[in-house]
Amino acid sequence: MALRGAIVVDTEKCKGCSVCVVNCPTNTIALAKEVNSKGYNYAYMANPESCTGCTNCATVCPDTCITVYRVKV
Amino acid sequence: MDIKDIIKPENKVYSKSPVLLDNVMHYCPGCSHGTVHKLIAEVIEEMGIQEKTIGISPVGCSVFAYNYVDIDWQQAAHGRAPALATATKRLFPDKYVFTYQGDGDLASIGTAEIMHACNRGENIVVIFINNAIYGMTGGQMAPTTLMGMKTATSPNGRREDIHGKPLKITELIAQLEGTCYVTRQSVQSVASARKTKRAIRKAFENSALKKGTSFVEVVSSCNSGWKLSPVKANEWMVENMFPNYPLGDLKDI
């Protein structure tokens, strides 16, 4: 049984601090080249297939802009 | 499996606590304040005490904490949050009262208030954010600034002969008989954030048990004040702050 996860980032609230990127154990998250309306490179799932929905990114996110989903497959 | 099949309400495992308001925080990217606010909101949600909690916000960056956590708040004069918390707790003994203070507020101008509130053993919770600098006013030296650390008011680094040594206020407070729980935590990693959340929860529970003052120091980063990126600031904190401010419980009765 494997776990598959996905995150949804509130891109307007994200400030691109990268704390989620370094705390992601599966290197799923990266900062986008695009910016939000405040000019921040927001976080996104660069490798969506590797996400396990561990919630590490959301736990350390200072702006609480990450929602995590997880399923067993 | 397609991402759209995973992102469904029934599969949600983590989302923003309803105790946290939707306002975008004014803190700099990567600031520890945001993480600590979130942990406090989650503890309040889990304990079901949103209607019974009163926070006292300080002077400093976190002066606007009342914009982010959906509970009752008061805002104290610089350093006087423990005095205001004392009055609030005595008037409303059934409420959970906590102060949220930075190191400039708590360890400098507010030293008298925090010492005496802790010595009296008021049944309040103190959340102390120690980032070794005055963040809000532009990165001046604080009592907790490390030796050799460059700030706006110590451009050549802190020197013992001029500025004295960093004030370890949490160690001082642990010696006071009024305190029941004194701990030092951090929030730069997942493990540390979860430990901090447990510490905050324990502090609130102590408040209900009338055991005395609970004091939770959170060693934090101020990446703007330290002139580092958020990730580099967290690394610098682990390398330099933790040897001076070692993590763990100092007192747990």
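Before reading further, recall that the structure is shown in the block above.
Everything numeric here is computed off the predicted structure, so don't read it as measured data.

Calculation notes
Residues numbered from 1 in each chain as written. Chains lettered and ligands numbered in written order. Predicted model: local features only at pLDDT ≥ 70, side-chain atom pairs only at ≥ 80, totals over all residues. Helix = DSSP H or I, 4+ residues; strand = E, 2+ residues; numbered from the N terminus. Rg over C-alpha atoms; globule rule 2.2 N^0.38 Å. Buried ≥ 20, exposed ≤ 12 C-beta atoms within 10 Å, placed from the backbone. Contact = placed C-beta atoms within 7 Å. Pairing = 2+ DSSP bridges. Axes fitted to C-alpha atoms, helices over the stretch in contact; angles between N-to-C directions. Core = buried A, V, L, I, M, F, W, Y, C linked by C-beta atoms within 7 Å. Nonpolar A, V, L, I, M, F, W, Y, C, P; charged D, E, K, R; others polar.

Here's the deal with the overall build of chain A
Across its full length, chain A carries two helices and four strands. Over its C-alpha atoms chain A spans a radius of gyration of 12 Å, differing by no more than 12% from the 11 Å that the globule rule assigns to 73 residues. Across its three principal directions, the C-alpha atoms of chain A cover 40 × 20 × 20 Å. Counting all 73 residues of chain A, 47% fall into the buried class. Sequence-distant contacts, at least 24 apart, represent 65% of the contacts inside chain A between residues at least 6 apart.

A few points about the sheet that holds strand β1 (residues 3–9) of chain A
Strand order in the open sheet made by the three strands is β1(A)-β4(A)-β1(B), with antiparallel pairing throughout. A strand with exactly one partner marks an edge of an open sheet, and here the two such strands are β1 of chain A together with β1 (12–14) of chain B. Sheet twist, expressed as the mean angle between neighbouring strand axes with direction ignored, is 35°.

Digging into the environment of F98(B)
Residues and elements named next belong to chain B. Turning to its location among the elements, F98 is positioned in strand β4 (residues 96–102). Expressed as a C-alpha distance, the spacing of F98 and F215, which sit 117 residues apart in the sequence, is 9.8 Å. Other than its neighbours up to four places away in sequence, F98 contacts G55, I124, V125 and I127.

Quick notes on the sheet that holds strand β7 (residues 213–219) of chain B
All names here are of chain B. Pairing is mixed in the open sheet, where seven strands are placed in the order β3-β2-β4-β5-β7-β6-β8. Here the strands that pair on one side only, and so sit at the sheet edges, are β3 (72–75) and β8 (248–252). The mean angle between the axes of side-by-side strands here comes to 15°, regardless of whether they run parallel or antiparallel. In this structure, β4 lies alongside strand β5 (residues 125–130), joined through five bridges in parallel fashion. Pairing of Y100 across the sheet is with I127, part of β5.

Side note on the nonpolar core
Judged by nonpolar contacts, the single largest core of 88 residues is most densely connected at C20(A), C57(A), I66(A), I40(B), I127(B), I200(B) and V216(B). Looking at this core, the element that brings in the most residues is helix α2 (residues 32–47) of chain B, giving six residues. The contacts of V216(B), once residues within four sequence positions are left out, are V126(B), I127(B), F128(B), T183(B), Q185(B), A199(B), I200(B) and A203(B).

Remarks on the pairing of strand β3 (residues 41–45) of chain A
Residues and elements named next belong to chain A. Pairing between strand β2 (residues 29–35) and β3: four bridges, direction antiparallel. Its bridge partner being in β3, A30 is matched across the sheet by Y44. Connecting β2 to the next strand, β3, in antiparallel fashion are five residues, including G39 with a positive phi near 90°.

Regarding the interface of chain B and chain A
Accessible area lost during the coming together of the parts is what is often quoted as the interface size. Listed by partner, the interface residues are 28 residues for chain B and 29 residues for chain A. Only α1 (3–6), β1, α2, α8 (190–208) and α10 (230–244) of chain B provide two or more residues apiece to the side of chain B that touches chain A. The biggest single contributor to the side of chain B that touches chain A is α2(B), with four residues. Here the residues of the side of chain B that touches chain A sort into 16 nonpolar, seven polar and five charged. Pairing analysis gives two bridges linking strand β4 (residues 66–72) of chain A to β1(B), with the strands arranged antiparallel. Looking at β1(B), one finds that V68(A) is bridged to Y14(B).

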